[in-house]
Amino acid sequence: MVILVILQVVLLPHFSLHGIKPNLVLLVVVVWSLMYGAREGSIWALMCGILLDLLSGAPLGAASLALLVAGLLAGLRLWRTIHAQWFLPALVAAASVAHDLVLMLLLQIGGHPLIWWDDLLRVVLPGALLSGGLAVLAYPLVRRMPSRPEAEEEASSAAPRQPVLW
Amino acid sequence: MPTWKKDKSTIVLLLLSLGLAIMLLLQQTGHLGPVYDLVGSVVIPAQYAVSRAVNGVAQRFEGLTQMQQLEAQKRELEETVSQLMLKTVELEEAKIELERLREHLGFKEANPEFDMLAAEVIGYEPTNLVRYLIIDRGEDDGVQEGMPVISSRGLVGRISEVNARWSKVLLLVDASSSVNAMIQRSRATGVVQGHLPSDLTMRFIPQGDPVQEGDIVITSGLGGNLPKNLVIGQITSVRQNDVDMFQEAEIRSAVDFYRLEVVLVIRNFTPIDFADQ
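Note that the coordinates shown come from a computational prediction; the quantities given were computed from them, not determined experimentally. Starting afresh in each chain, residues are numbered from 1 along the sequence in its written order. A letter from A marks each chain and a number from 1 marks each ligand, given out in the order of writing. Local features are withheld for residues below a pLDDT of 70 in this predicted model, meaning they are given only at 70 or higher, and side-chain atom pairs are given and counted only at 80 or more; totals for whole chains, interfaces and linings count all residues.

Q: How would you explain the overall build of chain B if you had to name every residue and give the values?
A: Check the secondary structure of chain B and you find two helices and twelve strands. In sequence order, the secondary structure elements of chain B are arranged as α-α-β-β-β-β-β-β-β-β-β-β-β-β. Within the span of chain B, comprising 277 residues, buried residues form 29% of the whole. Numbering of helices and strands starts at the N terminus; helices are DSSP runs of H or I of at least 4 residues and strands are runs of E of at least 2. To sort residues by exposure, count the other C-beta atoms lying within 10 Å of each residue's C-beta; 20 or more gives buried, 12 or fewer gives exposed, and values between give partly exposed, all with C-beta atoms placed from the backbone.

Put into structure tokens, the structure is as follows:
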């Protein structure tokens, strides 16, 4: 976890495009939530988020909360039922947009000047694309996604009942 | 020994001695050539054959030895090459470091009025929406909140948070950063504000003041937040509208904010906090 945060803070900025970099921590949180559920994902989101908050210039707690929201969204059962792992980059990009929107909201509340539409187009969307691109690397991980008890439960409840023969 | 055997060996010895004597005589008289030819015609082909065979074997052995030697040499050379490559990388790195330090030293010498502390950049802001960096100097090194941070290419930002051994620097390009500035040539004043992703805009330039592309923008020192005359950047475009009260100009900083390795903290400048007074 610490290594992940260090990579985000030290390594990824060197691959930034005009200051915009992919979010590796977010990718891991999304993949974790997708694989092991929202609860597990939330734990990762909070632990990484606290570390990021300490290193970030954003108001304390903003990174944690934004990651938590992204983790909770990625942990929705819906993704499991529609096999979202096959379009992981799109899911990560969507989670990245959600993460940044929460962060923007918190920054705005904290008095940080933002030009919403401009920042959305010039920062949030390119960042989401980069994170989505990075998600391609996580394919081998999610391809062998272990089964999740609640997903199985849901799948079994959703399955059509066999007709009873009298 | 039986007599006949003794006699036979005596005869052989005698014959050999006689032969030798004849050969000596022939050599003395210069008639030994045909004998040499005869011997040569028999011995030389055999000698040649044997010699070839022996040489072949010897060459094989030599080849094996040489191969082993070559193998060892190859290993040595490979080791030398890798060591040299490492050395080259180290030297290249040292050269870059030296150039950077020279640049900083030159800047330091050109600005003796500043007490500058070199700090290494150890991290960047993890999110895309704010622009900060982390340096390896903190309270223990005399760093205080608000101190200006510069590089040899211009203003980088200012210290926004200080810890014992590290500090956060609010970059000039962050949306919450605003710096009182002036255009070096015309002395027109304004405020340089950062906005995402990494742009700088000089706002509130009075309508009548001359502004043009290529003008250098420096800190004005107004407001007491930053020292005067620190380079901010160069104007790349001007937005001027007759109905507006002010002009605006886009600025390009010479500082690459995302490739910084070493920055300088100006320690002998304390920003004036008007709120306290």
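Q: Residues and numbers for the sheet that holds strand S4 (residues 154–162) of chain B, please.
A: Residue and element names in this part refer to chain B. Strands pair, by our definition, only if DSSP identifies at least two bridges between them. Read around the closed barrel, the six strands follow the order S1-S2-S5-S4-S3-S12; overall the barrel is antiparallel. This sheet shows a mean twist of 45° between the axes of neighbouring strands, independent of strand direction. Where strand S3 (residues 148–151) and S4 come together, four bridges link them in antiparallel fashion. Across the sheet, the residue bridging to serine 151 is glycine 154, located in S4. To obtain each axis, a line is fitted to C-alpha atoms, and for helices this fit is confined to the stretch in contact; angles are then taken between N-to-C directions over 0 to 180 degrees.

Q: So what's going on with the pairing of strand S9 (residues 216–219) of chain B? Which residues, and what values?
A: Residues and elements named next belong to chain B. With three bridges joining them, strand S6 (residues 178–183) and S9 adopt antiparallel strand pairing. Paired with methionine 182 across the strands is isoleucine 218, a residue of S9. Judged from the three bridges that link them, S9 and strand S10 (residues 231–239) form a sheet pairing that is antiparallel. Bridging from a neighbouring strand, valine 217 pairs with glycine 233 of S10.

Q: Now, about the interface of chain A and chain B: what can you tell me, with residues and values included?
A: Each residue is represented by a C-beta atom placed from its backbone, and any two residues with such atoms within 7 Å are regarded as in contact. Taken together, the 27 residues of chain A in the interface contact 22 residues of chain B. Of all the secondary-structure elements, those providing two or more residues to the side of chain A that touches chain B are helix H1 (2–11), helix H3 (38–55), helix H6 (88–109) and helix H7 (116–134) of chain A. Under the grouping applied here, Gly and all other residues not named as nonpolar or charged are polar, the nonpolar ones being Ala, Val, Leu, Ile, Met, Phe, Trp, Tyr, Cys and Pro and the charged ones Asp, Glu, Lys and Arg. Broken down by class, the residue content of the side of chain A that touches chain B amounts to 15 nonpolar, eight polar and four charged.

Q: So what's going on with helix H4 (residues 62–74) of chain A? Which residues, and what values?
A: Residues and elements named next belong to chain A. For H4, built from 13 residues, the straight-helix expectation of 18 Å at 1.5 Å per residue is met to within 8% by its first-to-last C-alpha distance of 18 Å. Among the residues of H4, those classed as buried are Ala62, Ala63, Ala66, Leu67, Leu68, Ala70, Gly71 and Ala74. Contacts from the buried residues of H4 go to helix H2 (24–36), H3, helix H5 (77–81) and H6. The span one expects for a helix is its residue count, reduced by one, times 1.5 Å.

Q: Any details on the pairing of strand S1 (residues 116–124) of chain B? Residues and values, ideally.
A: Residue and element names in this part refer to chain B. Sheet topology note: the S1/strand S12 (residues 262–266) ladder contains five bridges and is antiparallel. Bridge pairing links alanine 119 to valine 263 in S12. Here S1 runs beside strand S2 (residues 132–135); their pairing, made up of three bridges, is antiparallel. Looking across to S2, one finds that glycine 123 is bridged to isoleucine 134.

Q: Can you lay out unusual backbone geometry for me, pointing to particular residues and giving the numbers?
A: A cis amide bond links B:Leu196 with the next residue in sequence, B:Pro197, at an omega value of 0°. Within the element layout of this structure, B:Pro197 appears in the loop between strand S7 (189–195) and strand S8 (199–206). The backbone of A:His18 shows a phi angle near 55°, a positive value even though the residue is not glycine. Structurally, A:His18 can be placed in the loop between H1 and H2. Notably, B:Arg187 is not glycine yet its phi reads approximately 65°, a positive angle. Within the secondary structure, B:Arg187 sits in the loop between S6 and S7. What makes B:Arg187 exposed here is the crowd of 11 C-beta atoms within 10 Å.

Q: Describe the environment of A:Pro59, listing the residues and the values that go with them.
A: All names here are of chain A. Its place among the elements puts proline 59 in the loop between H3 and H4. Along the backbone, proline 59 and leucine 107 are 48 residues apart, and their C-alpha atoms lie at a distance of 6.9 Å. Not counting the four nearest positions on each side in its chain, proline 59 is found in contact with Leu106 and Gly110.

Q: Give a detailed account of the confidence of the model for chain B, specifying residues and quantitative values.
A: Segments scoring low in pLDDT should not have their predicted coordinates read at a detailed level. Mean pLDDT over chain B works out to 83, with 91% of the residues at or above the 70 mark. Reported confidences for the modelled complex are a pTM of 0.68 and an ipTM of 0.76. Confidence of the prediction at every residue is given by pLDDT, a number between 0 and 100.

Q: Got a sec to walk through the nonpolar core? Specific residues and values, please.
A: Core analysis: the largest hydrophobic core is formed by 92 residues, its most contacted members being A:Val29, A:Val30, A:Leu67, B:Val156 and B:Val263. Of the residues forming this core, the biggest block, eleven residues, is contributed by H2(A). Residues within four places of A:Val29 in sequence aside, it is in contact with A:Gly41, A:Trp44, A:Ala45, A:Cys48, A:Leu67, A:Ala70 and A:Gly71. Under the definition applied here, buried Ala, Val, Leu, Ile, Met, Phe, Trp, Tyr and Cys residues are grouped into a nonpolar core through C-beta atoms within 7 Å.

Q: Give me the packing of H1(A) against H2(A): which residues, what numbers.
A: In a pair of packed helices, the angle between the axes and the distance between the axes together describe the arrangement. Residue and element names in this part refer to chain A. At a minimum axis distance of 8 Å, the contact between H1 and H2 shows a crossing angle of 145°. Residues Leu4, Val5, Leu7 and Gln8 of H1 form the contact with H2, whose own contacting residues are Leu24, Val25 and Val28. Here the contact of H1 with H2 is built from residues that sort into six nonpolar, one polar and no charged.

Q: Summarise H6(A); cite the residues concerned and give the values.
A: All names here are of chain A. A rise of 1.5 Å per residue sets the reference length of H6, with its 22 residues, at 32 Å; its end C-alpha atoms lie 31 Å apart and thus fit the reference within 8%. Here H6 has its buried residues at Leu88, Leu91, Val92, Ala93, Ala95, Ser96, His99, Asp100, Leu103, Met104 and Leu107. Once H6 ends, the next one or two residues include glycine 111, with phi positive near 90°.

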